[in-house]
Amino acid sequence: MTKSLVNFFCLLVAFLYLQGCEKEELSQLGTYTESVLHSDLINEDFKIFTFLPSDYSDQQTYPLVFLMDAEWYFEKTVREVEEMMTNNQISDCILVGVGYEGFDESQRFRDYTYPADDEYDISTGEADHYHDFLENELMPYIEDQFSVDPSQRILMGHSLGGLSAVYGLLRKPGSPFTGIVAISPSLWWVEQSIFGMEKDYLDAGNDLSAKLYIAVGGDEPPSMTILAEEMADRLQQRNYSNLDLKFHSYDGASHGQTPIRGFSDGLLFILN
Amino acid sequence: MNLHHMKSTLIGSLLLIFSPNLNGQVQINWAWELNTLLDIEKKYYGLQLQLEKKLLSSASGRYSLSVGLSNEFHIVDEKDLEQVSGNTIQNQLGVILSNRIKLFKNQRFSLANTAYLAWSYRRTRANFSNPEYQINRDHSADRHFVGIGCYWKLDYALNDHWSVQLVAKTDLSRWLDEYEFELARPGLLYGLGIRKRF
């Protein structure tokens, strides 16, 4: 019993040490912080991860990049983004990861989707509130702290987050986001209703003004590959005057293999 | 793939097996499977035609190496995450290494467990359509596929040539594949078969 406890304690110490190393290494690349922001709109505590370039200065403004599903992707994305900034492949930017304090996967189903799907026994379809949170609570929270270029706000998401990113572009004219990176977007959600939203947006005479990067893995199911390509083709054919769109399919990539490379390529397209 | 996708499923299967044993070592099996997914949230129908040839077999028949060719046609209309509506056709060429253990045997009954490891190259063709939004696209994907699974066969010999079989099969290969199992057959397959020996 005592030996087991000692072993457990040693493993715990080793684990905590390794965790500490990881965090320290990340903060060596730039200024890395975590904070909690309570949303009155959603009544949720969001965990906000921020990363500033190592030579960040208040004397200049920076593009602001929001990343959904930050618990899963923020750290890897920071490493890629930092590398690209160091190599001058993209302009310096501020990366903001949007996660949850007390992460539970059901939160992303609630916040990233629209409309609601009654077939789930969890709350869904609250993307409108989530985007209100991004625009009216998170953006002021970040922009009060850091020097941001308001003409370069980018939203990145994968899977349901990719759906949310496209939704953020189409939910109303004059999206606050000038760049959208939608990787393997779940456009199949509720009978592919995002396609109806796009048609309504067009029929209302609205224009799209953004740089949009859509990508999917070639080895994903047809509901992913077909619909991502269809959305890209459809948006291209609409001739939105201020839409700059790029679509890419990663040969042989599965759903889990697209996010990081997709975010990197998306930022290369938008911030190069 | 997160756990939300792994809903329980029940699959009924009709399995017909015709297997002439040509020279005691080389065996050719044809199997037709008709699978129906019995799930109120999903509709799934599949038809499988399978041809398998044993290349090498141990004297006891316990270990064997086979090549197989199978064709599956699915009609899928699922109300689930990552759903796909439409038809999926899979042509599959594979190499199978199997280990069969006879758990019980008497004059008429035998119960055997077979574990297998398989590699296959699969070509999938699918169509996705939604008339409301004028979506109608074909999709194709080619992939290598590693599978592991096992099945149990209870065989009842009617006479020297004919026997009937009850088959239960788990195909973990679908679980190794992040998404494709949604299109295929997760969980346990129940089969009813008839077999003729030569």
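Residues numbered from 1 in each chain as written. Chains lettered and ligands numbered in written order. Predicted model: local features only at pLDDT ≥ 70, side-chain atom pairs only at ≥ 80, totals over all residues. Heavy atoms only, no water.

**A look at the pairing of strand 4 (residues 94–100) of chain A**
Looking along a regular strand, one sees side chains alternate from face to face of the sheet.
Residues and elements named next belong to chain A.
Line of reasoning, step 1. Among the seven residues that make up strand 4, seven are buried, leaving the element largely enclosed by the rest of the structure.
Line of reasoning, step 2. On strand 4, burial covers both faces: Ile94, Val96, Val98 and Tyr100 on one face and Leu95, Gly97 and Gly99 on the other are all buried.
Line of reasoning, step 3. In terms of strand pairing, strand 2 (residues 44–53) meets strand 4 through six bridges, oriented antiparallel. In the strand pairing of strand 4, phenylalanine 49 is matched with glycine 97.
Line of reasoning, step 4. Taken together, strand 3 (residues 62–68), helix 2 (residues 70–86) and strand 4 constitute a β-α-β crossover, and its handedness is right-handed. (Buried < 20%, exposed > 50% of the residue type's maximum accessible area, 1.4 Å probe, protein only. Helix = DSSP H or I, 4+ residues; strand = E, 2+ residues; numbered from the N terminus. Pairing = 2+ DSSP bridges. Right-handed = clockwise from strand over helix to strand, strands pointing away.)

**A word on the environment of Val167(B)**
Residue and element names in this part refer to chain B.
Line of reasoning, step 1. Here valine 167 shows up in strand 8 (residues 162–171).
Line of reasoning, step 2. Classification of valine 167 by relative accessible area gives buried; the value is 8%.
Line of reasoning, step 3. On a C-alpha basis, the gap between valine 167 and leucine 154 in space is 6.5 Å, while along the polypeptide they are 13 residues apart.

**Overview of helix 5 (residues 160–170) of chain A**
In an α-helix there are 3.6 residues to a turn, and that puts residues three or four apart on one side.
Line of reasoning, step 1. Buried residues dominate helix 5 of chain A, accounting for eleven of its eleven residues.
Line of reasoning, step 2. When helix 5 of chain A is considered as a whole, its buried residues turn out to be Leu160(A), Gly161(A), Gly162(A), Leu163(A), Ser164(A), Ala165(A), Val166(A), Tyr167(A), Gly168(A), Leu169(A) and Leu170(A).

**Digging into the packing of helix 3 (residues 105–112) of chain A against helix 5 of chain A**
All names here are of chain A.
Line of reasoning, step 1. Where helix 3 meets helix 5, the closest approach of the two axes is 9 Å, and the angle between their N-to-C directions is 25 degrees. What the angle tells us is that helix 3 and helix 5 run roughly parallel. At the point where helix 3 passes helix 5, the crossing takes the left-handed sense. For the pair helix 3 and helix 5, the contacting residues are Arg108, Phe109 and Tyr112 in the first and Leu160, Gly161, Leu163 and Ser164 in the second. (Axes fitted to C-alpha atoms, helices over the stretch in contact; angles between N-to-C directions. Parallel < 35°, antiparallel > 145°, perpendicular 65-115°, else oblique. Left-handed = near helix turned anticlockwise from the far one by under 90°. Contact = heavy atoms within 4.5 Å.)

**Observations concerning the environment of Leu154(B)**
Line of reasoning, step 1. Tracing the backbone shows Leu154(B) in strand 7 (residues 135–157).
Line of reasoning, step 2. A sequence separation of 41 residues divides Leu154(B) from Asn113(B), and the C-alpha atoms of the two residues are 9.1 Å apart.

**Here's the deal with the packing of aromatic side chains**
Residues and elements named next belong to chain A.
Line of reasoning, step 1. By the definition in use, this model includes 22 aromatic pairs over all chains.
Line of reasoning, step 2. Ring centres of tyrosine 112 and tyrosine 130 lie 5.3 Å apart, and the angle between their planes is 65 degrees; on these two criteria the pair is classed as edge-to-face. Of this pair, tyrosine 112 sits in helix 3 while tyrosine 130 sits in helix 4 (residues 127–145), and the two are 18 residues apart along the sequence. Of the two residues examined, tyrosine 112 and tyrosine 130, each falls in the buried class.
Line of reasoning, step 3. The residue whose ring lies beneath lysine 211 is phenylalanine 269, and the NZ or CZ to ring-centre distance is 4.9 Å. (Phe/Tyr/Trp six-rings, centres within 6.5 Å; stacked < 30°, edge-to-face > 60°. Lys NZ or Arg CZ within 6 Å of the ring centre and 35° of its normal.)

**Here we look at the pattern of salt bridges**
All names here are of chain A.
Line of reasoning, step 1. For the structure shown, the criterion picks out 16 salt bridges over all chains.
Line of reasoning, step 2. A salt bridge links aspartate 111 to arginine 110; the nearest nitrogen and oxygen atoms lie 2.8 Å apart.
Line of reasoning, step 3. Note on aspartate 111: relative accessible area 0%, which makes it buried.
Line of reasoning, step 4. On the accessibility criterion, arginine 110 (16% relative accessible area) is buried.
Line of reasoning, step 5. Its salt-bridge partner being glutamate 143, residue arginine 153 comes within 2.7 Å of it at the nearest N-O pair. Here arginine 153 is found in strand 5 (residues 148–158), whereas its partner glutamate 143 is found in helix 4, with ten residues between them in sequence.
Line of reasoning, step 6. Salt bridges sharing common partners tie together Asp128, Asp132, Glu135, Arg171 and Lys172. (Salt bridge = Lys/Arg side-chain N within 4 Å of Asp/Glu carboxyl O.)

**Some remarks on unusual backbone geometry**
All names here are of chain A.
Line of reasoning, step 1. Tyrosine 114 connects to proline 115 through a cis peptide bond whose omega is -5 degrees.
Line of reasoning, step 2. Mapping proline 115 onto the fold places it in the loop between helix 3 and helix 4.
Line of reasoning, step 3. The phi dihedral of asparagine 239 falls on the positive side, at around 60 degrees, and the residue is not glycine.

**Focus on the confidence of the model for chain A**
Line of reasoning, step 1. Chain-level statistics for chain A give a pLDDT mean of 90 and a share of 91% at 70 or above.
Line of reasoning, step 2. Scored below 50 in pLDDT, residues 15–23 of chain A shows four contacts in the model against residues more than four places distant or in partner chains. (pLDDT = per-residue confidence, 0-100.)

**Here we look at the sheet that holds strand 7 (residues 209–217) of chain A**
Residue and element names in this part refer to chain A.
Line of reasoning, step 1. The mixed open sheet is built from eight strands, whose spatial order is 1-2-4-3-5-6-7-8. At either margin of the open sheet sits one strand with a lone partner, and together these are strand 1 (30–39) and strand 8 (242–250). Adjacent strand axes in the sheet meet at a mean angle of 15 degrees, parallel and antiparallel pairs treated alike.
Line of reasoning, step 2. The pairing of strand 3 with strand 4 spans five bridges and is classified as parallel. Looking at strand 4, one finds that phenylalanine 66 is bridged to valine 96.
Line of reasoning, step 3. Of the strands in this sheet, strand 7 and strand 8 touch helix 7 (residues 222–237), which is tilted by about 155 degrees from strand 7.
Line of reasoning, step 4. Most of the contacts of helix 8 (residues 259–271) go to strand 6 (residues 179–183), to which it runs at about 155 degrees, and overall it touches strand 3, strand 5, strand 6, strand 7 and strand 8.

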